[in-house]
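Here is how the chains run, residue by residue.
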Amino acid sequence: MAEHVVDSDGITLCTESFGDPSDPPVLLVMGLGASMLWWEAGFCRLLAEGGRFVIRYDHRDTGRSVTYEPGRPGYTGADLVGDAARVLDAHRIPAAHVVGVSAGGALAQLLALHYADRVLSLVLISTSSAVPGEGKLPPPTEEFMRFVSGAHVDWSDGDSVVDYQVAYARMLAGGRRPFDEAAARSLVRRDVERAHDFSAARNHDSLPDGELSPARLSSIAVPALVIHGTADPMFPLRHGEALAQQIPEGRLLTLQDAGHGVERADWATIVPAILEHTAADRARRVGPSGP
């Protein structure tokens with residue numbers, strides 16, 4: 001299906017759907033600074049072929065959604081949580097299974113905490129707790145921190161931006177598997193060329209949290225599948241373990257040698273896990289006599 005720009009509360013958000021709207025809905029929430037292209041179309045089609053109505057969308061300041069002046073976003077992290085609900089409203093969906101990766105996983109948690117009636121279940125990939133929890137979690141790896149502190153990019157130069165983003169993708173991959181640089185470069189270039197202003201995505205680096213009432217993960221009342229790679233350099237595995245432990249109906253699926261994100265090599269594991277998770281949740285909710 002072609003991309004569709006929706007307007008909700010005066011906010012324009014670019015969305016794209018896959019599959020039959022009568023199937024159980026799955027909303028995909030990407031990490032900050034990343035457009036919906038990072039939920040690759042092939043991944044979305046696999047979920048749709050499994051009987052899910054899949055929606056991906058561009059955050060503000062990414063892709064073809066509303067774009068603000070770099071350094072002056074005029075919105076908060078709480079607004080990004082609300083945007084997920086706006087996308088559901090635009091598609092006339094009361095509630096969906098919500099799948100979030102990286103900071104998108106944090107947004108998904110906050111959606112479940114503050115818009116509980118909009119979330120049927122959670123799938124949280126390569127992420128950490130969105131709210132303060134108990135115990136200390138390990139920091140990013142030394143290699144990751146060296147890259148973040150030492151990398152240079154000229155945001156006015158498209159080639160420089162592509163090179164930087166590809167190098168960042170390589171770092172996030174974790175280093176234990178072969179890295180497909182050609183595929184990464186193709187995706188990054190499409191992302192840069194498609195955006196209204198790719199440099200505006202940097203606004204996500206300094207967003208204020210916004211006003212959301214205090215909450216605890218223990219109050220999430222829907223099943224949560226936590227998927228985490230053992231080689232994640234941003235959020236080491238302990239983050240995923242702690243997340244699954246803190247959510248009452250949480251369970252953990254580890255991906256051996258996987259880094260940070262949704263790698264093509266793991267689609268054969270992730271897609272069936274999401275389909276099983278969402279199907280089981282639907283059966284639990286409607287009961288044996290449900291539709």
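Quick caveat, the model's predicted, so the values are computed rather than measured.

Colleague: So what exactly am I meant to see when it comes to the side chain of Ser35 here?
Modeller: You can see Ser35 is positioned in the loop between strand E3 (25-29) and helix H1 (41-49). Ignoring any residue separated from it by four or fewer positions in sequence, one finds Ser35 in contact with Met30, Asp58, Thr62, Gly63, Asp191 and Arg194.

Colleague: Help me out: how do you make sense of the packing of aromatic side chains in this one?
Modeller: We describe a pair of aromatic rings using the distance from one ring centre to the other and the angle between the two ring planes. On inspection of all chains with the given rule, the structure shows nine aromatic pairs. Geometrically, the ring pair formed by Phe43 and Trp267 is tilted, given 5.9 Å between the ring centres and 55° between the ring planes. Of this pair, Phe43 sits in helix H1 while Trp267 sits in helix H8 (residues 267-286), and the two are 224 residues apart along the sequence. Phe43 gets classed as buried once you look at its relative accessible area, which sits at 1%. Given the relative accessible area of 15%, Trp267 is considered buried. Seen in terms of ring centroids, Phe147 and Tyr168 are 5.8 Å apart; in terms of plane orientation they differ by 10°. Their pairing is stacked. Here Phe147 is found in helix H4 (residues 142-150), whereas its partner Tyr168 is found in helix H5 (residues 158-172), with 21 residues between them in sequence. Residue Phe147 is classed as buried on the basis of its relative accessible area, which comes to 16%. Tyr168 sits in the partly exposed class, given a relative accessible area of 22%.

Colleague: Help me understand the environment of Arg56 in this model?
Modeller: Relative to the elements of secondary structure, Arg56 occurs in strand E4 (residues 53-57). For the pair Arg56 and Cys44, spaced 12 residues apart in sequence, the C-alpha to C-alpha distance is 8.3 Å. Sequence-distant contacts of Arg56, defined by excluding residues within four places in its chain, comprise Cys14, Thr15, Glu16, Phe18, Leu28, Met36, Leu37, Trp39, Glu40, Ala41 and Cys44. At a separation of 2.6 Å, a polar atom in the side chain of Arg56 contacts the main-chain carbonyl oxygen of Trp39.

Thresholds applied
Residues numbered from 1 in each chain as written. Predicted model: local features only at pLDDT ≥ 70, side-chain atom pairs only at ≥ 80, totals over all residues. Heavy atoms only, no water. Helix = DSSP H or I, 4+ residues; strand = E, 2+ residues; numbered from the N terminus. Contact = heavy atoms within 4.5 Å. Phe/Tyr/Trp six-rings, centres within 6.5 Å; stacked < 30°, edge-to-face > 60°. Buried < 20%, exposed > 50% of the residue type's maximum accessible area, 1.4 Å probe, protein only. Polar contact = N/O pair within 3.5 Å; in protein donor to acceptor, adjacent residues only side chain to side chain.

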